[in-house]
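Close look at the chain arrangement
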Amino acid sequence: MKNRSKWIGMMVMAAVALGQGDVTQAADANPPERMTYQGYLVDGNGAPLGNSAPTNYDVVFRIYKAKQGGNALWAEQQTVTVDKGYFSVLLGEGSQYGSENHNALSGAFDGTDVSDRFIGITVTGTDGDVEIAPRLKLVTSPYAFTATQARKVSDGSGNANFYKEGTDLKLGAGSTPTLTLPEAGGGTLSGALTLNLPDWGNGLIINANGQTTTFEANDAIWFDISTGASKFYFNKPVAVKGGLLSYNTDATLGPSNNTDTYLQVHDDSDKITAQADEFRVQGDSNYLQTKFSSNKVELHTDAGSVYLNKPLSVTGIIEASSDLKSGGDVYMLDDIRFTNADGNAWMIPHNATGKKGTLYQRFDEVQIEGSGKLKVGGDARIDGNRLVISGTNPTVSLRDSGEKDYYVHANEDRFYILRGEGDAGWDSTRPLTIWQGDKVGINQATPLDELHIVHGTNGNYAKGLRIQRQGGHYWAIGVDYVGDLVFGFNQDDSTSYKAYVNDGNGAWVTASDRRLKTDIEPIGDVLNKVGRLQPSRYRFKTESEEGEKSYGFIAQDVQKEFPELVEDKDGYLSLGYDAFGVLSIKAIQELRSEKNRELAKKEEEINELKARLAKLEALVAGLAGKEG
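Residues numbered from 1 in each chain as written. Predicted model: local features only at pLDDT ≥ 70, side-chain atom pairs only at ≥ 80, totals over all residues. Heavy atoms only, no water.

1. A short note on the overall build of the protein
Regarding its fold elements, the protein presents three helices and 47 strands. Of the contacts formed within the protein by residues at least 6 apart in sequence, a portion of 27% connects residues at least 24 apart. In the structure as shown, the protein presents an accessible area of about 46,100 Å², 52% of it carried by carbon and sulfur atoms. (Helix = DSSP H or I, 4+ residues; strand = E, 2+ residues; numbered from the N terminus. Contact = heavy atoms within 4.5 Å. Areas by Shrake-Rupley, 256 points an atom, 1.4 Å probe, with all protein chains shown as cover.)

2. Comments concerning the environment of Tyr-37
Relative to the helices and strands, Tyr-37 resides in strand S2 (residues 35–40). Separated by 54 residues in sequence, Tyr-37 and Leu-91 have C-alpha atoms that sit 6.9 Å apart.

3. Here's the deal with the packing of aromatic side chains
Two measures describe an aromatic ring pair: the distance that separates the ring centres and the angle between the ring planes. Tallied over the entire structure, the rule returns seven aromatic pairs. Aromatic pair Trp-475 and Phe-489: ring centres 5.3 Å apart, planes at 50°, arrangement tilted. Taken together, the residues Trp-475 in strand S40 (residues 474–479) and Phe-489 in strand S41 (residues 485–489) connect sequence positions 14 residues apart. Here Phe-489 falls in the partly exposed class, since its relative accessible area comes to 30%. (Phe/Tyr/Trp six-rings, centres within 6.5 Å; stacked < 30°, edge-to-face > 60°. Buried < 20%, exposed > 50% of the residue type's maximum accessible area, 1.4 Å probe, protein only.)

4. A few points about the nonpolar core
Where a protein is soluble and globular, its nonpolar side chains tend to be buried together. Of all hydrophobic cores here, the largest spans 20 residues; its most connected members are Tyr-37, Phe-61, Phe-87 and Leu-91. Residues Ala-555, Val-566, Phe-580 and Ala-587 belong to the second largest nonpolar core, which totals twelve residues. (Core = buried A, V, L, I, M, F, W, Y, C linked by side-chain atoms within 4.5 Å.)

5. Overview of unusual backbone geometry
A cis geometry characterises the amide bond from Ala-133 onward to Pro-134, with omega recorded as 0°. Here Pro-134 is to be found in the loop between strand S6 (118–123) and strand S7 (136–137). The backbone phi angle of Asn-209 is positive, close to 55°, even though this residue is not glycine. Structurally, Asn-209 is set in the loop between strand S13 (201–208) and strand S14 (211–217). Take Asn-209: its relative accessible area is 83%, and that puts it in the exposed class. Even without a glycine there, the phi angle at Asp-570 is positive, about 60°.

6. Here we look at the pattern of salt bridges
Following the criterion strictly, the structure yields twelve salt bridges and no others. Measuring nitrogen to oxygen at the nearest pair gives 3.4 Å for the salt bridge that ties Arg-117 to Asp-113. Across the pair Lys-137 and Asp-116 runs a salt bridge, and its minimum N-O distance is 3.2 Å. A residue pair is termed long-range when its members are at least 10 positions apart, and Lys-137 in strand S7 and Asp-116 in the loop between strand S5 (86–91) and S6 qualify at 21 residues. A relative accessible area of 40% places Lys-137 in the partly exposed class. Linked by salt bridges that have partners in common, Lys-65, Asp-113 and Arg-117 make up one network. (Salt bridge = Lys/Arg side-chain N within 4 Å of Asp/Glu carboxyl O.)

7. Details of the environment of Ser-285
Examined against the element boundaries, Ser-285 turns out to sit in the loop between strand S19 (278–282) and strand S20 (287–292). For Ser-285, a relative accessible area of 59% corresponds to the exposed category.

8. As for the environment of Trp-74
By secondary structure assignment, the location of Trp-74 is in strand S4 (residues 74–82). Accessibility expressed as a relative area gives 2% for Trp-74, which makes it buried. Separated by 31 residues in the primary sequence, Trp-74 and Leu-105 place their C-alpha atoms 7.2 Å from one another. Setting aside its immediate chain neighbours within four residues, Trp-74 contacts Phe-61, Arg-62, Ile-63, Leu-91, Gly-92, Asn-101, His-102, Asn-103, Ala-104, Leu-105 and Ala-108. Here the side chain of Trp-74 touches Asn-103 through a polar contact of 3.1 Å, landing on its backbone oxygen. (Polar contact = N/O pair within 3.5 Å; in protein donor to acceptor, adjacent residues only side chain to side chain.)

9. Let's talk about the side chain of Thr-213
Residue position: Thr-213 is located in strand S14. We classify Thr-213 as buried; its relative accessible area is 18%. In terms of polar contacts, Thr-213 uses its side chain to reach the side chain of Thr-227, at 3.0 Å. Not counting residues within four places of it along the chain, the set of residues in contact with Thr-213 comprises Leu-204, Ile-205, Ile-206, Ile-225, Ser-226, Thr-227 and Phe-232.

10. Focus: the pairing of strand S11 (residues 179–182)
As paired elements, strand S10 (residues 168–171) and S11 share four bridges and run antiparallel to each other. Bridged to Leu-169 within S11 is Leu-181. With two bridges connecting them, S11 and strand S12 (residues 188–189) associate as antiparallel partners. Bridging from a neighbouring strand, Leu-179 pairs with Leu-189 of S12. Hairpin connection from S11 to S12: five residues lie between these consecutive antiparallel strands, with Gly-185 at a positive phi of about 110°. (Pairing = 2+ DSSP bridges.)

11. Quick word on the sheet that holds strand S17 (residues 262–265)
Taken in spatial order, the three strands make up an open sheet running S16-S17-S18, and their pairing is antiparallel. Edge strands, defined here as strands with exactly one partner in the open sheet, are strand S16 (251–253) and strand S18 (272–275). Adjacent strand axes in the sheet meet at a mean angle of 15° when their direction is disregarded. Sheet analysis places S17 next to S18, joined by four bridges and oriented antiparallel. Within S18, the residue paired with Val-265 across the bridge is Ile-272. (Axes fitted to C-alpha atoms, helices over the stretch in contact; angles between N-to-C directions.)

Structure, rendered in structure tokens:
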């Protein structure tokens, strides 16, 4: 019988935020996100539901802005206990119904039309799941009267934009206040303060004991900071991204108590004057110093070398007691001599044309032999078409124009490709390692197998191995944080995997969460179709005749009954066996229903025979009594 339910009573009132009547909670300024609702349910004959005993029903509650028609602003499903027709629920503590909106309950009571809100109720499981008519209009609850003395101003997302907390007045446009004004004075601002002036003029004035400092827009070019104090004082270094200009006067940099030592940029000519006996530039680890005396200028540094990236032109003799390096040509108008403290020297004599020179050497560290071989310190040499680097931990460094380095390095039967940056050397990253000649490691210094890959830990899973068709789809394979081997198709690290192999039992598991699926619908009758399938034993033509036959189905046979399980790939039919377990369960369910119907019918026949037998026994007993 089709149920018809109607409401004869309704009451709306406030409830605790979590909907737990037996839990005492500290009061706050926010109305709870719950609303009680009571009612009385009867069936189409007027009998109360749950009349003989309390009964549970699945009920969908919806809030509309119209008495009839329209989409629900908010909905949820609850399991409601009905006792002799009466029930009571807390709206807001149920679960989402399908894809309908189930955000905060207060969100349904926002907007200029908030005075018109109606509640609709559907008892599911009845024929058609028809919503009870008519919808009932909701009226003011006690907490609504707080609007006459609002404790805060909130936006549509529930963010408190303007409110008082303790003795502080707070203002913001999001979930976090940006301006705090204490009662005692002052204020705190999080973020930037923008002053938009319609024209030039004062933007901010700070008055300290009668001396004002003004921040103003002078015109379209200048931004002025001026003060009535005698000077600006900064107790920290001043960092300037652009140029530092002195306005119509010489710029002087020097100690305030010393007029003899200073650096001055002249206003009336292109000239910079440094008044000092020496000039020193200090780096992180080394310095470069220029000293002046009566007859010479000395250049000193504690660095290991001086590097020039452009040609060096010298009219006199170049003498070097240490390294001399150049990133470009060295043009010489006289001989170049390199002499150490023992008097040993290299010399490149200048000739008349200035194009040729002869290198004389008296050291063993660098050798150019008549055979064309070059030896450097005995550890590196060019031997025919081979570059040989011998010794402990030989390394070749490759540096690009961006000062990024990769090192080819050998150490203890390991061959590394290492990553580094500039002169800082290589870091701890080992992109590639070959160990003992037959084991390759990616991000692993000691590979334990022929190929040993160690990948990152970000996201739901990390792609240790990516297999991709040129310019198209790809599969990613990795190990997640619990040890499962996971597989993903066209997925990044922040999304769920498609399938995985369980680390404990090796089972193949596929993703099946309802939240990952759409267009869900029940399967129709399959028992007769399953009954017509023909399981077979067979061999593939590529298999040996001595091998065991396989169990399975022929795709063309399955296609007649379940065409959606068959796929045409490269001209051949393929079959997905995963669905057969589901079909088997559905067929068993249908078979069970059929048997239950047969058993019920037999039981009905037996009961009828028992009744007839009882009547017959009564008749026989009556006849026997008469004869007696």
